[in-house]
Amino acid sequence: MSAPCTIQDDGSIELYFYGELDENAQASVRAHLTRCRDCAQVLEELQVIRAALSIRPDISAPASGDWTAFMARLDAVLQQPRLVAFAPRPAVARTVLTRRPFIGLLATAALLAVVAISVFMASRGGRTLITDQPGLTPVEQVASREAPVEPEMQAALAAVGLRHLERSKLVVLGLATKDSTPAPGQGPDWAYERELARSLLNDTRIYRQAAEQRGLTRLAGVMRDLELVLLQTSMAEAGDRAALPQIQRLIHKRGLVEKMDVAGTTGILP
Amino acid sequence: MTPDLDLVHRAAAGDHAAFHLLVERHRTMVYRVAYQFARDHHDAEDITQEVFIKVYKSLDKFRQDAQLTSWMYRIAMNACIDHKRRHSPAGAAPFGEEAEFRMLNTPEDAPGPEDRAYAGELGEVLEQEIQRLPPGQRVVFIMRHHQGLKLGEIADSLGLAEGTVKRQLHAAVHRLRQALTVANVTTGGQA
């Protein structure tokens, strides 16, 4: 009985399989394969792995198949001033805003968030929100204020984040309690929840990214779960009978209702 | 079609439309890599966004003699590992060499192939096993098997010694072969 072959232990078979050996080594392994059943078996397994993986779906785009939302989010992030690394871009930013209305909406949402944060901070600190700067709009005046210190920013973000969670709870509770087994021949009636989910999705993503950047890990975690639920809900087809139960399982698995309740009652600061 | 290099120059000079065109041209490649690594659309979108933010911030550092796709590829792979690092329990702690070694070499905590083989086809079982590979092995396997990069290119991209890349590939393939064996046994060789 011959000793077990050890050539496969040094990785030569997969290097042969992937064409990584030089000509001589390739020929040597090829010859070895004709007389070693163990190594031939390894090569066969590698071929099976390649064949099995080659027929798997090739995923190269977001689940919706549409890049519009991705491009809008990327634009929104790139327009943050601290990301400008190599050149000023105000003129380009205005052009893009004019040409692509959805980016304008996103930017408006972001500015509203800034205003909400500033209002909150002003109310906490007893300061006047609008300063006397002639010629500036309220939003520009807010933007021109000195940047708040980090704890204040975290508290403000947590406050507006909680308000967003309160708004979103309606759709999450609606989804969680919806009857997913309607009468035969009828799909679930959840058009209202799907519409709400679509309207909340972008803001949720913005809050999640802001929370991640500010180190608010608990808020970011809840926003991430919420975003996933809203994304799946907004993408679901009206007549898809399997979608609602799946989303309900997701809500349950992530404990989203409980997390939103806890955030509302005990706060969400780290 | 405008060459990539021209677009890079224009984007680096502040031409946002040129950058848009670059993103549109390369986003499917980046997304494919991100999805192969993460197997989750949510994470793949995050990773893809991180990649293009990094590209945007580094346009002026792009070497003229380099291939844009290789450069983006390298950024994508590092973004995958960074993403994993941030979302793993180790990510909460200071990230030393030891922690990095653990992160790169500790299998994901998930059901083994025995529990899953019955439920799906062989390709699905293998894909799930790829997700259980330590991130370092996973990256190397994806780069070699899915993207067809040579080991030397992988080593260059990741800043590793070629021997290390070989060992990571060998370990990854070994685990996939084990999963294959288990799957075949569990499904009675029907997979």
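This one's a predicted model, so the numbers in the text were calculated from it and none came from an experiment.

Novice: Account for the overall build of chain A, naming residues and giving values.
Specialist: A count of helices and strands for chain A gives 12 helices and 0 strands. Ordered by position from N to C terminus, the α and β elements of chain A give α-α-α-α-α-α-α-α-α-α-α-α. Counting all 270 residues of chain A, 42% fall into the buried class. In chain A, 71% of the contacts between residues at least 6 apart in sequence involve partners at least 24 apart. Working note: accessible area of chain A is about 14700 Å², and carbon and sulfur atoms make up 56% of it.

Novice: Quick one: what's the story with unusual backbone geometry, residue by residue and with numbers?
Specialist: Residue and element names in this part refer to chain B. Unlike most non-glycine residues, R39 shows phi in positive territory, near 55°. Residue position: R39 is located in the loop between α2 (16–38) and α3 (41–58). Judged by its relative accessible area of 23%, R39 falls in the partly exposed class.

Novice: An account of the confidence of the model for chain A is needed here, citing residue identities and associated values.
Specialist: Residue and element names in this part refer to chain A. For chain A, the mean per-residue pLDDT works out to 71, and 65% of the residues sit at or above 70. The least confident element of chain A is helix α5 (residues 90–99), whose mean pLDDT is 35; the most confident is helix α2 (residues 23–35), at 92. Within the model, pLDDT remains below 50 along residues 84–104, and this stretch shows 34 contacts once partners closer than five positions in the same chain are excluded. Here residues 122–148 is modelled with pLDDT under 50, and outside its nearest four sequence neighbours on either side it reaches 27 contacts, counting other chains as well.

Novice: So what's going on with the nonpolar core? Residues and values would help.
Specialist: Of all hydrophobic cores here, the largest spans 78 residues; its most connected members are F19 and F141 of chain B. Among the elements that make up this core, the one with the highest residue count is α2 of chain B (12 residues). The residues contacting F141 of chain B, other than those within four sequence positions of it, are Y18 and L53 of chain A together with I130, H146, L169, A172, V173 and L176 of chain B. One finds L165, W190, L219 and I247 of chain A within the second-largest nonpolar core, a separate group that totals 32 residues.

Thresholds applied
- Residues numbered from 1 in each chain as written.
- Chains lettered and ligands numbered in written order.
- Predicted model: local features only at pLDDT ≥ 70, side-chain atom pairs only at ≥ 80, totals over all residues.
- Heavy atoms only, no water.
- Helix = DSSP H or I, 4+ residues; strand = E, 2+ residues; numbered from the N terminus.
- Buried < 20%, exposed > 50% of the residue type's maximum accessible area, 1.4 Å probe, protein only.
- Contact = heavy atoms within 4.5 Å.
- Areas by Shrake-Rupley, 256 points an atom, 1.4 Å probe, with all protein chains shown as cover.
- pLDDT = per-residue confidence, 0-100.
- Core = buried A, V, L, I, M, F, W, Y, C linked by side-chain atoms within 4.5 Å.

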